[in-house]
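Take a look at the letters that make up each chain.
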Amino acid sequence: MRTTARVVVIGGGVVGVSALYHLAKLGWTDCVLLERTELTAGSTWHAAGLLPLFNMSYSVGQLHQYSVELYKKLEAETGQDVGFHPTGNLRLATNRDRLDEYRNYQCTAETIGVESHLIGVDEIKKLWPLVNTEGLVGALWHPTDGHIAPVDVTMALARGARAMGAEIVQRCAVTGIERENNEWLIRTTGGDIRCEHVISATGNYARTTARMVGLEIPVVPVEHQYIVTDVDPALRDYRATGAKELPILRESDASYYLREERLGWILGPYERHAPACLVDGVPASFEKDLFPGDLERLMPHVEACMSRVPSFEQAGIKDIVNGPIAYTPDGNPMVGPAFGLPNFWVSEGHSFGVTAAGGAGWQLANWIVEGEPSVDMIGVDPRRFGVVSKHFARLKNEEAYEHVFVIHYPMEERPACRPAKAPPVYDELKAAGAVFGQRFGWERPMWFAPAGVEPNDVWSFRRSNWFDHVGREVEAMRSRVGLMELSSFAKYTVEGQGARAFLDRMVANAVPKASGRINLCHALNPSGSVRSEFTIAKLPDGLWGERFYLVGPGAGHDYDWDFLTKSMPRDGSVIVQDVTTQMGVFVLAGPHARKVLTKLADADVSNETFPWLTARDIPVGFCPNVRTLRVNFVGSLGWELHHPIEYQRQLFEALLAAGRDEGIAHVGLRAMDSMRLEKSYRLWGTDLNAENSVLEAGLDRFVRLQKGEFTGRDALIHQIEQGIPNRFCTIEVDADDADPFGNEPVLMDGQVVGRGTAGGYGHHVKKSLMLGYVKSDFATVGNACQVRVLDQLRPARIIAESPYDPENAALRA
């Protein structure tokens, strides 16, 4: 074994071997993979389809699709059979909502290039003659999908990596990981090895590996069982006619999948209340052992399968396999940089291991070698969770497991571990009818149910029970005044003699110079895409030099805090502090907002002394120092009121009392989203992503190419010279009872020319709106197009930005 390497990959399952293979593909052959036992797929599992597509996000979908294409080519490249069976994949539906889920998935699939078709009951019977179609209303058919042998894929990737010069060391356990002299020291049972980068791909050992470097990650395995049967006589007779292998069958509404296995079946249920396991680590005696099977837990699924496939009853049970599968709180893997550690990378929590392993290795290698991924990875970034404790992960991962086959609505909220983080006025908001959602662990009011209305969401892919109430909240804020609780915003201070130079190199816009000035700024990736978005306010200078206040998206807290602390100079010239939990935030906005604030503020808040894009610290109510920012995300006259969290309850009561005569209303996040769509405001993480440049996003006015060097500048200059390939557009859709949500394809003359990144209903302008990217040649205001909403191609057209108040008169009032 080498004693030095550029990258050490820990873990010899398909996920780790894929990372090694892709690093070698990019020319980094001085890499070593360490496996504690022998190379495997990472477990004893088979693959039941390469496109599981539960809760399908754009980023996860791209990883899956790349994996499928890679595995099809591997045999020719390496000579190793990967056992791919292109059977197709059939997903059954027994109700309208399930069909809507499939229709919604098709929108994403069309933008990625995954072939899929919605089919009727007669076609289901033709594809799957042994099925009982009673109660079915349709199905989603993937003709290019199939199943594969994960162990064979692992061996093919390993052969390819070795052929390119990478090294794989088996039966070599890692016993410790240390940081020494700006490199990693890996201690193993076979000796020490030093390296620049480490990739942890250790599956069920993820938490143990992470703790070697002081990292807590929410990867906890859950028991997963499947049944292997003897020969089914009916299947044997069917195949004896020369018929091909049946497609993988998924009856999502009964929470199981079924596929052929040697003229019998593999039945894989996703049961309710499956327990988490190995929570405190994998015992030394366990290795790749299994747990005893529990048929009683599986019986509801067995009975459902017998009802759907009657011949299943004639196939005796040969074996029940019960083993651990690593899960995360949302069911998606963790792929990317570890929080707080230089050059330590995570590829863990792959509950559908082989399905995303190829794509995960591809993007992780790009990230390490090129400095950024080539597709948007925010949906799998390891820093996306607001809570990472063991007890939280155990409960949330059990929930994620049993939610694999539930219908995944666009706005779904899951109940486990709620509330985790809540503002001081949580109870008051709840008493006012708040229906909460959570992001990054924070409870946030989504909408407010008026008296007599049940404060619960009815999930749907169409307009639902909250629609009219959200409309009233929008009108309250547009015509009177509304109050929002947004303490979940991430908030930081940056100060010191080097603070300005640090920020100036980091963002594309000019850093505000005058005290009290606010600028919207974007930190870019080397490719010119948006990495982070900050509202930066210049504060009065302090003892250590210039001071700045940064506000970012709450969901990006760990992502941005990690970025800020890793990027800051180490010479003491910059001090960065996280004040997120010290400062609460209210948004007071609407035409009467100034009247309300005037009653409480011990300061002049007139337009002459407190204009738009101004920040001042002023007394409000009992609070002696409210950092008052004249900005908001709804596009109306208003202020963000950043206050010491201990004053929140009093300030909340004072604002409501002061606004009573002005008709003040509680306003939730869904109303805010409606209003930001009306202003064409881009949202970080969806509209602003790693695949589109800041110029494609139409944010040229926030880019200062002449100011000097900043990350991404060269790429932007090159893009201007070559031509900007896509343009950010606002699209009006002729919708009926369903609005776009994002990821819908945009078509012109039958050709996909773009995709949505966000959508919904603009309640004030009375339009169904979608934001997204369209190829530049087609992105002209006035162009007619079509947008797929569920199963319908709806007429649409590109309209000018900001259908509400395009001159910003309300903001400047």
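Whatever comes next refers back to the structure up there.
It should be emphasised that the depicted structure is a prediction, and the values quoted were computed from it without experimental measurement.

Some details on the overall build of the protein
- Secondary structure summary: the protein contains 19 helices and 35 strands in total.
- The C-alpha radius of gyration of the protein comes to 27 Å, within 12% of the 28 Å expected for a compact globule of 813 residues.
- Overall, the protein is about 85 × 65 × 50 Å in size when its C-alpha atoms are taken along their principal axes.
- The buried share among the 813 residues of the protein stands at 62%.
- Contacts in the protein between residues at least 24 apart in sequence constitute 72% of all its contacts with a sequence separation of at least 6.
- Total accessible area on the protein is roughly 29,800 Å²; 49% of this is exposed by carbon and sulfur atoms.
- Of the charged side chains in the protein, 82 are positive and 102 negative, and the gap between their average positions amounts to 3 Å.

Section: empty space enclosed by the protein
- Taken as a whole and judged by the stated rule, the model has 6 cavities of 30 Å³ or more.
- In this model, the largest cavity occupies a volume close to 70 Å³.
- If you go around the largest cavity, you meet 12 residues; those closest to its centre are His 64, Pro 333, Phe 352, Thr 355 and Ala 356.
- For the lining of the largest cavity, the elements supplying multiple residues, two or more each, are helix H2 (58-78) and helix H9 (353-370).
- When residues of the lining of the largest cavity are assigned to their parent elements, the largest contribution, 3 residues, is made by H9.
- Looking at side-chain class alone, the lining of the largest cavity contains 5 nonpolar, 7 polar and no charged residues.

Here's the deal with the pairing of strand E13 (residues 264-269)
- Counting buried residues in E13 gives 6 out of 6 residues, a clear majority hidden from the surface.
- The two faces of E13 match: Gly 264, Ile 266 and Gly 268 on one face and Trp 265, Leu 267 and Pro 269 on the other face are all buried.
- Pairing of strand E12 (residues 256-261) with E13, which is carried by 6 bridges, proceeds in the antiparallel orientation. Residue pairing across strands places Glu 260 opposite Trp 265, the latter belonging to E13.
- Count of turn residues in the E12/E13 antiparallel hairpin: 2 residues, of which Arg 262 carries a positive phi of about 55°.

What about the packing of helix H12 (residues 467-479) against helix H17 (residues 669-678)?
- Where H12 meets H17, the axes come as close as 8 Å, and the angle between the chain directions of the two elements is 60°. If you check the angle between H12 and H17, you find them oblique. As for how H12 packs across H17, the hand of that crossing is right-handed. Contacts between H12 and H17 pair Val 470, Glu 473, Val 474, Met 477 and Arg 478 from the former with Arg 670, Ala 671, Ser 674, Met 675 and Glu 678 from the latter.

Comments concerning unusual backbone geometry
- Of note, the bond from Arg 418 into Pro 419 is cis; its omega dihedral lies within 30 degrees of zero at -10°.
- Within the secondary structure, Pro 419 is located in the loop between helix H10 (390-402) and helix H11 (426-431).
- A positive phi angle is found at His 273, which is not glycine, with a value near 65°.
- Considering the arrangement of structural elements, one finds His 273 in the loop between E13 and helix H8 (295-308).
- On the basis of relative accessibility, which here comes to 63%, the residue His 273 falls in the exposed class.
- Its identity is not glycine, yet Leu 278 carries a phi of approximately 55°, on the positive side.
- Take Leu 278: it is sitting in the loop between E13 and H8.

Considerations on the environment of Lys 707
- In this structure, Lys 707 sits in the loop between H17 and helix H18 (713-722).
- Here Lys 707 falls in the partly exposed class, since its relative accessible area comes to 24%.
- Not counting residues within four places of it along the chain, the set of residues in contact with Lys 707 comprises Asp 504, Val 507, Ala 508 and Asn 509.
- There is a polar contact of 2.8 Å between the side chain of Lys 707 and the backbone oxygen of Asp 504.

Overview of the packing of aromatic side chains
- All chains considered together, the criterion is met by 21 aromatic pairs.
- Aromatic side chains Tyr 270 and Tyr 401 sit 4.9 Å apart centroid to centroid with 40° between the ring planes, which places their arrangement in the tilted category. In this pair, Tyr 270 sits in the loop between E13 and H8 while Tyr 401 sits in helix H10, placing the two residues 131 residues apart along the sequence. Taken as a pair, Tyr 270 and Tyr 401 share a single burial class, namely buried.
- With 5.3 Å between their ring centres and 50° between their planes, Phe 467 and Tyr 761 make a pair best called tilted. Taken as a pair, Phe 467 in helix H12 and Tyr 761 in strand E32 (residues 751-762) lie far apart in primary sequence, 294 residues in all.
- Exposure remark for Phe 467: the relative accessible area of 13% places this residue in the buried category.
- Of the residues examined, Tyr 761 reaches a relative accessible area of 18% and is grouped as buried.
- Through a chain of ring-to-ring contacts, the aromatic side chains of Tyr 257, Tyr 270, Tyr 327, Phe 352, Tyr 401 and Phe 405 assemble into a single cluster.
- Positioned over the ring face of Trp 28 is Arg 6, at 3.7 Å from the centre of the ring.
- Lying across the ring of Phe 548, Lys 538 places its NZ or CZ 5.7 Å from the centre.

What about the packing of helix H1 (residues 14-25) against helix H5 (residues 150-163)?
- Interaxial distance between H1 and H5 falls to 9 Å at its minimum, and their mutual angle equals 30°. When the axes of H1 and H5 are compared, the pair comes out roughly parallel. With respect to the hand of their crossing, H1 and H5 are arranged in left-handed fashion. Across the interface between the two elements, Val 14, Val 17, Ser 18, Leu 20, Tyr 21 and Ala 24 of H1 pack against Val 153, Thr 154, Leu 157, Ala 158, Gly 160 and Ala 161 of H5.

Observations regarding H5
- Its 14 residues give H5 an end-to-end C-alpha distance of 20 Å, which sits within 8% of 20 Å, the value for a rise of 1.5 Å per residue.
- The set of residues buried in H5 consists of Pro 150, Val 153, Thr 154, Ala 156, Leu 157, Ala 158, Gly 160 and Ala 161.
- As for H5, its buried residues are in contact with H1, H2, strand E6 (167-169) and H9.
- Two residues or fewer past H5, Gly 165 is found with a positive phi of approximately 110°.

Criteria and cut-off values
- Residues numbered from 1 in each chain as written.
- Predicted model: local features only at pLDDT ≥ 70, side-chain atom pairs only at ≥ 80, totals over all residues.
- Heavy atoms only, no water.
- Helix = DSSP H or I, 4+ residues; strand = E, 2+ residues; numbered from the N terminus.
- Rg over C-alpha atoms; globule rule 2.2 N^0.38 Å.
- Buried < 20%, exposed > 50% of the residue type's maximum accessible area, 1.4 Å probe, protein only.
- Contact = heavy atoms within 4.5 Å.
- Areas by Shrake-Rupley, 256 points an atom, 1.4 Å probe, with all protein chains shown as cover.
- Lys, Arg positive; Asp, Glu negative; His and termini not counted.
- Charge placed at Lys NZ, Arg CZ, Asp CG, Glu CD.
- 1 Å grid on protein atoms, 1.4 Å probe; cavity = no way out; pocket = protein on both sides within 12 Å on 5 of 7 lines; lining within 4 Å.
- Points joined across faces, edges and corners; volume = space filled by probe spheres on them.
- Nonpolar A, V, L, I, M, F, W, Y, C, P; charged D, E, K, R; others polar.
- Pairing = 2+ DSSP bridges.
- Axes fitted to C-alpha atoms, helices over the stretch in contact; angles between N-to-C directions.
- Parallel < 35°, antiparallel > 145°, perpendicular 65-115°, else oblique.
- Left-handed = near helix turned anticlockwise from the far one by under 90°.
- Polar contact = N/O pair within 3.5 Å; in protein donor to acceptor, adjacent residues only side chain to side chain.
- Phe/Tyr/Trp six-rings, centres within 6.5 Å; stacked < 30°, edge-to-face > 60°.
- Lys NZ or Arg CZ within 6 Å of the ring centre and 35° of its normal.
- Expected span 1.5 Å × (residues − 1).

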